[in-house]
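Topology and contacts: notes
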Amino acid sequence: MNIFNYFLDSKCIICKKSSENRVCQSCIDKIDFFPKNLYFERTDFYFEKIFSLFPYNNIVSNLIHSYKFNDYRSLSKLFGSWLVEYFSETVENYDYILPVPLHVKKERVRGFNQTDLILKAAGWDKKIFKNIKKDIETKQQSLMKNSFDRVKNSENAFKISESAVELVKNHSFLIFDDITTTGATANEIAKHLYFCNASKIDLMVLSLA
Ligand SMILES: [Zn+2]
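Reading guide: rules and limits
As a convention, each chain's residues are numbered from 1 in the sequence order in which they are written. Confidence filtering applies because this is a predicted model: local features only for residues at pLDDT of at least 70, side-chain atom pairs given and counted only at 80 or more, and all residues used for totals across whole chains, interfaces and linings. Going along the chain from the N terminus, every DSSP run of H or I of four or more residues is numbered as a helix, and every run of E of two or more is numbered as a strand. Here the expected span of a helix is defined as 1.5 Å times the quantity of residues minus one. Three exposure classes are used, all based on how many other C-beta atoms lie within 10 Å of a residue's own C-beta (placed from the backbone): buried at 20 or more, exposed at 12 or fewer, and partly exposed between those limits. This arc is built from the directions going out from the helix axis to the C-beta atoms. This entry defines residue contacts through backbone-placed C-beta atoms, with two residues in contact when those atoms are within 7 Å. For every residue, the predictor reports its confidence as pLDDT, a number between 0 and 100. Should DSSP find at least two bridges between two strands, the strands are regarded as paired. For every element, the axis is a line fit to its C-alpha atoms; helices are fit only across the contacting stretch, and the angle between N-to-C directions ranges from 0 to 180 degrees. With respect to orientation, any angle under 35 degrees is reported as roughly parallel, any angle over 145 as roughly antiparallel, any angle of 65 to 115 as roughly perpendicular, and every other angle as oblique. Handedness of a crossing is defined here by the sense of rotation of the near helix relative to the far one, left-handed for an anticlockwise turn of less than a right angle and right-handed for a clockwise turn. Three classes are used: nonpolar for Ala, Val, Leu, Ile, Met, Phe, Trp, Tyr, Cys and Pro, charged for Asp, Glu, Lys and Arg, and polar for all others, with Gly counted as polar. In this usage, the nonpolar core is the set of buried Ala, Val, Leu, Ile, Met, Phe, Trp, Tyr and Cys residues whose C-beta atoms join them within 7 Å.

Our focus in this paragraph is helix 2 (residues 58–69). What sets the pattern is the α-helix's 3.6 residues per turn: residues three or four places apart point alike. Taking 1.5 Å per residue, 12 residues should reach 16 Å; helix 2 reaches 16 Å between its end C-alpha atoms and fits that length. Those residues of helix 2 that sit buried are V60, L63 and Y67. Considered in projection along helix 2, the buried side chains sweep an arc of 65° and stay on one side of the axis. Set apart from the buried face of helix 2 by more than 90 degrees, the exposed residues are N58 and F69.

Among the 8 residues of helix 5 (residues 114–121), 6 are classified as buried, and the element is accordingly described as predominantly covered. Buried within helix 5 are the following residues: Q114, T115, D116, I118, L119 and A121. Residues of helix 5 that are buried in the fold lie against helix 2, helix 3 (75–91), strand 3 (96–99) and strand 6 (172–180). G123 occupies a position one or two residues after helix 5 and carries a positive phi of about 85°.

All right, on to the confidence of the model for the protein chain then. Predicted confidence across the protein chain gives a mean pLDDT of 89, with 96% of residues reaching 70 or more. The least confident element of the protein chain is helix 6 (residues 147–154), whose mean pLDDT is 77; the most confident is strand 3, at 97.

This paragraph deals with the sheet that holds strand 6. Each strand in a sheet pairs with another by means of backbone hydrogen bonds, the pair being arranged parallel or else antiparallel. Strand order in this open sheet of 5 strands is 1-2-7-6-3, and the pairing throughout is mixed. The open sheet has two edge strands, strand 1 (40–41) and strand 3, and neither has a second partner. Pairing of strand 6 with strand 7 (residues 200–208), which is carried by 8 bridges, proceeds in the parallel orientation. In the strand pairing of strand 7, I175 is matched with L203. Of the strands in this sheet, strand 2 (49–55), strand 6 and strand 7 are in contact with helix 2, which crosses strand 7 at around 105°.

Orientation of helix 3 relative to helix 5, taken along the N-to-C sense of each, is 60°, at an axis distance of 7 Å. Classified by the interaxial angle, the pair formed by helix 3 and helix 5 is oblique. Here helix 3 runs over helix 5; the crossing is right-handed. Contacts from S76, K77, F79, G80 and L83 in helix 3 reach L117, I118 and A121 in helix 5. For the contact of helix 3 with helix 5, a count of residues per class yields 5 nonpolar, 2 polar and 1 charged.

A few words on the nonpolar core. By size, the foremost hydrophobic cluster in this structure holds 44 residues, and its most contacted members are I97, L98, F173, I175, F176, I189 and A190. At the level of secondary structure, the elements contributing two or more residues to this core comprise strand 2, helix 2, helix 3, strand 3, helix 5, strand 6, helix 8 (184–195) and strand 7. Once residues within four sequence positions are removed from consideration, F176 is found in contact with I97, L98, P99, V100, T115, L119 and M204.

So this is what it looks like as structure tokens:
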């Protein structure tokens, strides 16, 4: 017997009932998924489509929050497996997937980039595009009062390296974020890709709030 088993927290993080997994099956069964390969269109942004795993609700919010802020990194495998199940055909249509970058200071504090880790868990390492950096520290988008504040908060927050401009040209991109509300953050990234002549820019998220 492994001595460390004594210290394992064997409760579901959602319902707190005893469970062998971080999230018990009965909580997973309560999560609503959008139908496979469904997407929403945005005509007013630099990206066109949004692919989302699930609509926003308490369970989803709790799950994503625990993953990011309580350092339940193992949940990346769960999210990754859902992305593979729902969007592996979609992902094949893109040259690159771009996980929304964190500011270097924030990534150091958190210890990981939550979107990057999920893409790796999904086995899509080879498609990950890392040549856009977060240049400015912004406040958490969920703390903003309205759409205008969200746009202002993320404005000019990202920077593309000069050497990456040619890499973007004529290539297709799927930006990946955990939650999107107004799409303001993804739109800031999409703007760079658009002006570097990317051939296609869409967004994939865990949850559309
Ligand atoms: Zn549960």
